[in-house]
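# Chain and residue survey
These are the residues of each chain, in order.
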Amino acid sequence: MASSWFNSLRDFVSCALFPQSCLVCGNVSLRSIPLCFKCQKKYLGSPDSWDLRCRRCGRFLISAKELCVTCRNIAPFEEVDRVFPLYPYDMLGQELLVAWKIGGNFSLTSVFASCIARELENFPGFIIVPVPPRPGKIRKKGWDQIDLLSHELSKNYGAPVLSCLRRFSQVQQKQLGREERALNLKGNIRCITPTVPKKVIILDDLMTTGATVETCAQVLKELNCEKVYAMTLFYD
Ligand SMILES: [Zn+2]
Ligand SMILES: [Zn+2]
């Protein structure tokens with residue numbers, strides 16, 4: 001594939017000019033991201049353990065079934081049918097997400113896309129709907145990581161993507177608590193297409209309270225979407 005050839009060339013040039021250490025093992029990563037192939041395989045492999053995960057937050061279940069102890073005590077999702085967050089938001093997860101979102105290490109997009117694409121093989125017939133960025137984010141930063149990830153999934157893996165949601169809120173979600181987030185989001189995410197697919201996977205990078213994906217799911221189900229899953233790279 002042309003893109004993998006391009007990635008190899010980019011890795012070669014970039015590690016010759018700016019050698020990077022792997023965040024996990026400390027060895028030279030030999031590519032344009034701070035993670036070596038060996039550690040990527042070990043830490044960003046296929047989760048392959050959905051039966052052992054909480055359906056609401058994605059954390060590993062110890063003795064409980066379906067929902068973890070924390071999620072039993074909070075309001076269940078009404079519209080999201082199940083979440084599939086891939087990896088824990090541990091030290092490595094945080095470093096990778098910061099390097100990608102804040103540091104603008106675009107090479108990580110292809111790594112994350114490969115992780116998502118591998119999981120998507122288990123969901124034939126589902127359409128990816130990216131979580132919409134805050135208004136003005138693309139204008140201010142020049143890019144949105146979920147938009148970029150969706151684009152890569154579509155271009156390099158042929159994943160069906162429909163960017164049908166827009167966000168109109170001006171208040172940043174991370175400054176708010178769980179209930180305020182839900183209120184802030186309500187009505188501020190809207191669908192810009194007259195119809196939506198029957199089976200959707202909402203794509204985001206990090207799952208925290210789940211308020212954003214729940215609001216997206218609410219909008220989609222009002223338009224007769226039947227099944228809404230949420231897939232994120234990390235869960236907190
Ligand atoms: Zn390593
Ligand atoms: Zn849970």
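Above this text sits the structure in question.
Residues numbered from 1 in each chain as written. Chains lettered and ligands numbered in written order. Predicted model: local features only at pLDDT ≥ 70, side-chain atom pairs only at ≥ 80, totals over all residues.

## Points about the nonpolar core
Here is the rule: In this description, a nonpolar core means buried residues of the types Ala, Val, Leu, Ile, Met, Phe, Trp, Tyr and Cys, linked to one another by C-beta atoms lying within 7 Å. Between the buried cut of 20 or more and the exposed cut of 12 or fewer other C-beta atoms within 10 Å of a residue's own C-beta lies the partly exposed class, and all C-beta atoms are placed from the backbone. The way it works is that DSSP assigns letters per residue, a run of H or I at least four long becomes a helix, a run of E at least two long becomes a strand, and they are numbered from the N terminus. By the convention adopted here, residues are in contact when the distance between their C-beta atoms, placed from the backbone, does not exceed 7 Å.
One finds Val 129, Val 200, Ile 202, Leu 203, Cys 216, Leu 220 and Ala 230 to be the most contacted residues of the largest nonpolar core, which totals 43 residues. At the level of secondary structure, the elements contributing two or more residues to this core comprise β1 (82–88), α4 (91–101), α5 (107–120), β2 (127–130), α7 (145–157), β5 (199–207), α9 (211–222) and β6 (227–235). When residues of this core are assigned to their parent elements, the largest contribution, six residues, is made by β6. In contact with Ala 230, other than residues within four places in its own chain, are Val 80, Val 83, Phe 84, Ile 202, Asp 204, Met 207 and Val 213.

## What to know about α7
The condition is simple: What a helix should span is 1.5 Å times the count of its residues minus one. Arc definition: directions from the helix axis to the C-beta atoms.
In a regular helix each residue adds 1.5 Å, so 13 residues correspond to 18 Å; α7 covers 17 Å between its end C-alpha atoms and thus fits that length. Along α7, the residues classified as buried are Gln 145, Ile 146, Leu 149, Ser 150, Glu 152 and Leu 153. On an axial view of α7, the arc spanned by its buried residues comes to 160°, and they lie on one face. In this structure, the buried residues of α7 make contact with α4, α5, β2 and β5. Looking one or two residues beyond α7, the residue adopting positive phi is Gly 158, at roughly 65°.

## Some thoughts on unusual backbone geometry
The bulk of non-glycine residues show a negative phi, and the bulk of peptide bonds are trans. For Leu 30, which is not glycine, the phi dihedral falls at a positive 60°. Note that Leu 30 resides in the loop between α1 (2–17) and α2 (37–43). You can call Leu 30 partly exposed: it has 14 C-beta atoms within 10 Å. The backbone of Glu 66 sits at a positive phi, close to 70°, despite the residue not being glycine. With respect to the helices, strands and loops of the structure, Glu 66 is situated in the loop between α2 and α3 (69–72).

## Structural notes on the packing of α5 against α7
Here is the rule: Every axis corresponds to a line fitted to the C-alpha atoms, with the helix fit spanning only the stretch in contact, and the corresponding angles, defined between N-to-C directions, vary from 0 to 180 degrees. In these notes the angle categories are as follows: under 35 degrees is roughly parallel, over 145 is roughly antiparallel, 65 to 115 is roughly perpendicular, and the rest is oblique. Handedness of a crossing follows from how the near helix is turned relative to the far one, being left-handed for an anticlockwise turn of less than a right angle and right-handed for a clockwise one. In the scheme used here, Gly and all other residues not listed as nonpolar or charged are polar, with Ala, Val, Leu, Ile, Met, Phe, Trp, Tyr, Cys and Pro taken as nonpolar and Asp, Glu, Lys and Arg as charged.
It is the contact of α5 with α7, at a shortest axis distance of 9 Å, that shows an interaxial angle of 65°. Here α5 lies roughly perpendicular to α7, going by the angle between them. With respect to the hand of their crossing, α5 and α7 are arranged in right-handed fashion. Here α5 contributes Thr 109, Ser 110, Phe 112, Ala 113, Ile 116 and Ala 117 to the contact with α7, which in turn contributes Leu 148, Leu 149, Glu 152, Leu 153, Asn 156 and Tyr 157. Its residues assigned to classes, the contact of α5 with α7 comprises eight nonpolar, three polar and one charged.

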